[in-house]
Amino acid sequence: MSPWDTSSESPVPQAVKAAVDLMRARFGENLTVTTIAAHCGVAERTLNEQFRRFLDVSPGRYLHRLRLMEARECLLAEASTGISVTEVALRCGFRHFGRFAQQYRDAFGESPSETLRHSRSRTAQQGGGAWLSTRRRMRTRPIVIVRPPGYPTREQHLGTVAEAIAENIAGSLCEIGSIQTKFDSVARDLPRRSNGGDEEGYLLLGSIMPGESDLRIALRLVERATGKLVWSEAIRGRSGSWKPVSRREVERLRQHLVGRIIDHEIERAGQTPSLDRDAHGQAMHALGLVFRSRPDATRRALEMLYPCMERDPDDALITALSAWAYAQLVMYNDSSSPAGDRASAIELNRRAAVLDEGNPLALTARSAVHTMAGEFDDAVALVSRAIELDPTSGWAWGRAAWLSAYEGNYHRAIMQFRRALRTHAPAGIRANALVGLGTARFGLGDYITAAKCLQRAMHENPGMWWANRSLSVSLARIGEHRRASKALDRLRRQSPGLTVGAVMKSVPFEKRFLNQIGEGLDELGLPP
């Protein structure tokens with residue numbers, strides 16, 4: 001099967017996709033289910049059945065939720081324009097204003113006028129900057145504007161070099177699907193405080209310091225709205241060359257830059273009060289929680305994501321992350337109902353497939369759920385697509401590596417885990433990759449290195465208690481029986497009812513690996 005062929009996924013009716021696209025584009029119009037069904041070329045009853053099957057909601061209810069979310073985004077995004085609640089209601093397709101206000105309060109816990117008042121208060125505190133539109137942020141991805149680095153005024157010949165550097169970097173970043181990149185030849189070095197949605201995103205700025213035979217280029221990434229420094233790096237270049245920065249330098253740059261942007265989006269969401277987070281912020285905060293690979297954090301993510309899915313049925317990332325959260329609980333042996341959580345993960349993953357428009361993060365989450373289900377062809381197709389769109393994603397490389405490990409290709413898994421560790425990735429992703437390295441080493445029979453990797457991972461992320469499954473057996477294999485017993489005790493304290501059979505069912509490794517783990521845990525005294 002080609003790694004780009006997704007034909008083996010659960011088939012999504014084209015009518016559902018066409019209906020969702022129509023609602024997104026014309027949510028403010030007087031659409032009826034009859035009109036939507038006619039547009040999609042199916043009977044109204046068929047459309048209703050397909051929506052309930054794939055999105056667990058009727059077309060009319062889906063459109064209603066979408067309109068409510070768009071109304072909230074309007075109120076948050078355009079507070080500085082003097083817009084009124086009535087204007088927002090009409091723009092989003094609501095004609096009965098009293099009913100709109102009540103439905104809005106039921107969905108978001110405050111009236112439309114309260115949202116508008118709070119948004120205007122924030123706008124005033126931020127010096128006139130409009131609160132960012134959720135829908136705009138979700139659908140446009142983080143924007144990075146690359147500007148030519150500054151240079152000493154006495155070195156005017158470096159102007160051409162500066163533009164070549166910026167064009168080279170911008171061209172490389174354009175290949176990354178997780179961000180939008182724009183080249184701005186106007187070399188304004190300082191960001192301006194936001195005064196509208198057009199100031200969203202990041203600026204990549206820099207300065208050139210010429211040497212005797214080369215150039216030192218100091219780069220920095222700042223938020224456009226605040227001027228806050230997000231990331232900085234120094235690279236080497238060559239003056240007088242049509243390509244002043246080498247391909248290796250640019251590759252090193254983007255390996256860390258894109259990951260730092262995602263990291264910053266997660267950090268910013270975590271620092272924003274829960275009631276003030278838009279859907280993008282909720283998704284980023286949940287992403288940070290699931291990245292921790294800890295059941296307690298996963299449960300918190302689910303508690304937050306469920307109301308988000310109810311309020312915003314249009315967000316593929318929120319739905320995909322919810323699916324992956326359920327899958328994590330199954331794979332980490334921390335589910336009170338493994339069969340039920342497994343079914344929830346698979347069902348939510350089908351819904352995410354309807355909504356996903358090619359977000360690398362959503363693709364990776366969906367791939368992880370297919371992995372849990374043992375559907376490796378689908379998982380490979382999705383994670384391969386995610387890597388194609390964003391080859392700097394440590395999460396995607398880590399998921400690809402786990403797939404290699406599950407299939408028994410441990411040498412390839414080790415190379416992919418190392419690739420994941422070379423990117424700028426949150427601590428949870430790094431720790432998970434270290435567990436993967438240890439697991440792959442275990443599969444090769446290198447129990448000493450396996451134990452070292454697993455212990456390092458758990459030192460970095462103590463909440464990953466599930467890694468004691470492999471650590472306890474690795475320690476026993478190298479004669480460290482006392483430490484092996486302690487590792488098993490830690491595992492059993494966190495999951496008191498755990499059995500060898502439950503461990504064997506929770507992870508889709510090849511048979512030889514599972515037999516080794518099962519025999520080792522049995523010898524250490526875990527109930528069968």
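Residues numbered from 1 in each chain as written. Predicted model: local features only at pLDDT ≥ 70, side-chain atom pairs only at ≥ 80, totals over all residues. Heavy atoms only, no water.

## Topic: the state of the cysteines
Spelled out, the test is: By definition, disulfides here are pairs of cysteine sulfur atoms that lie within 2.5 Å.
Within this structure, the stated rule accounts for zero disulfides. The closest cysteine sulfur to the non-disulfide-bonded C92 is located on C74, 4.7 Å from its own sulfur.

## A closer look at a positive patch on the surface
Heads up, the condition is: Exposure above 30% relative accessible area and no salt bridge define the residues that can form patches, which grow by joining like charges within 9 Å and nonpolar side chains of Val, Leu, Ile, Met, Phe, Trp and Tyr within 5 Å. The method behind every accessible area is Shrake-Rupley, applied with a 1.4 Å probe, and residues are considered shielded solely by the protein chains displayed. By salt bridge we mean one thing: a side-chain nitrogen of Lys or Arg within 4 Å of a carboxyl oxygen of Asp or Glu. In this tally, Lys and Arg are treated as positive and Asp and Glu as negative; His is ignored, and so are the chain termini. For charged residues, the charge sits on one atom: NZ in Lys, CZ in Arg, CG in Asp, CD in Glu. Helix and strand definitions follow DSSP, with helices as H or I runs of at least four residues and strands as E runs of at least two, each counted in order from the N terminus.
A surface patch of like charges, here positive, comprises R482, K486, R490 and R493. With respect to the helices, strands and loops of the structure, R490 is situated in helix α22 (residues 481-494).

## Focus: empty space enclosed by the protein
Applied cut-off: A cavity here means a set of 1 Å grid points, computed over protein atoms only, where a 1.4 Å probe fits but cannot escape. A pocket is an open set with protein on both sides within 12 Å along at least 5 of 7 lines, and lining residues have an atom within 4 Å of a point. Grid points are joined across faces, edges and corners, and a volume is the space filled by probe spheres set on the points. Note on residue classes: Ala, Val, Leu, Ile, Met, Phe, Trp, Tyr, Cys and Pro are nonpolar, Asp, Glu, Lys and Arg are charged, and everything else, Gly too, is polar.
Tallied over the entire structure, the rule returns five cavities of 30 Å³ or more. The computed volume of the largest cavity comes to approximately 230 Å³. As for the largest cavity, its lining consists of 19 residues, of which W402, W466, R469, V507 and F509 are closest to the centre. Residue assignment for the lining of the largest cavity shows that the elements contributing at least two residues are α13 (316-331), α17 (394-406), α19 (427-443), α21 (468-477) and α24 (511-524). Its residues placed into classes, the lining of the largest cavity shows 14 nonpolar, three polar and two charged. Lining of the second largest cavity is provided by 16 residues; of these, G259, I262, S393, G394 and W395 occupy positions nearest its centre.

## A look at the confidence of the model for the chain
Going by this rule: pLDDT is defined as a per-residue confidence score from the predictor, taking values between 0 and 100.
In the predicted model, the chain carries a mean pLDDT of 84, and 89% of its residues have values of at least 70. Of all secondary-structure elements in the chain, the lowest mean pLDDT belongs to helix α8 (residues 134-140), at 42, while α21 reaches the highest, 96.

## Observations regarding the environment of N432
Short version of the rule: For every residue, the accessible area obtained with a 1.4 Å probe (protein chains only) is divided by the maximum for its type, and the residue is called buried under 20%, exposed over 50%, and partly exposed between those limits. Between two residues, a contact is recorded if the distance between any of their heavy atoms is within 4.5 Å. Polar contact is the term for a pair of N or O atoms within 3.5 Å; when the atoms are in protein, one must be able to donate a hydrogen and the other to accept it, and sequence-neighboring residues count only if both atoms are side-chain atoms.
Considering the arrangement of structural elements, one finds N432 in helix α19. A relative accessible area of 10% means that N432 is categorised as buried. For the pair N432 and G398, spaced 34 residues apart in sequence, the C-alpha separation works out to 7.9 Å. Ignoring sequence-local partners within four residues, the contact set of N432 consists of S293, Y332, W402, M464 and W466. Of note is the side chain of N432, whose polar atom sits 2.7 Å from the side chain of W402.

## A look at the packing of aromatic side chains
Note the cut-off: Any two of the Phe, Tyr and Trp rings considered here, Trp counted by its six-membered ring, make a pair once their centres fall within 6.5 Å; the pair's planes then place it as stacked at under 30 degrees, edge-to-face at over 60, or tilted in between.
Going through the model one piece at a time under the given rule, you end up with 15 aromatic pairs. Ring centres of F291 and W395 lie 5.0 Å apart, and the angle between their planes is 75 degrees; on these two criteria the pair is classed as edge-to-face. Here the residue F291 occupies a position in helix α11 (residues 279-291), and W395 occupies one in helix α17, the gap between them amounting to 104 residues. Assessed through its relative accessible area of 4%, F291 is described here as buried. The class of W395 is buried, set by a relative accessible area of 8%. Aromatic pair F442 and Y447: ring centres 5.1 Å apart, planes at 70 degrees, arrangement edge-to-face.

## Section: the packing of helix α10 (residues 247-271) against α11
How we decide: With axes taken as lines fitted to C-alpha atoms, and helix axes fitted only over the stretch in contact, angles between N-to-C directions fall between 0 and 180 degrees. Note on angle classes: values under 35 degrees are labelled roughly parallel, values over 145 roughly antiparallel, values of 65 to 115 roughly perpendicular, and the remainder oblique.
Put simply, α10 and α11 touch, their axes get as near as 8 Å, and they point 105 degrees apart. Judged by the inter-axis angle, α10 sits roughly perpendicular to α11. Listed contacts from α11 to I262, E265, I266, A269 and G270 of α10 are H280, G281, M284, H285, L287, G288 and F291. Within the contact of α10 with α11, the residues separate by chemical class into six nonpolar, five polar and one charged.

## Let's talk about the environment of V88
Counting through the fold element by element, V88 comes out in helix α5 (residues 85-91). Residue V88 is classed as buried on the basis of its relative accessible area, which comes to 0%. Taking the C-alpha atoms as reference points, V88 and L75, separated by 13 residues in sequence, lie 7.1 Å from one another. In contact with V88, other than residues within four places in its own chain, are A71, C74, L75 and I83.

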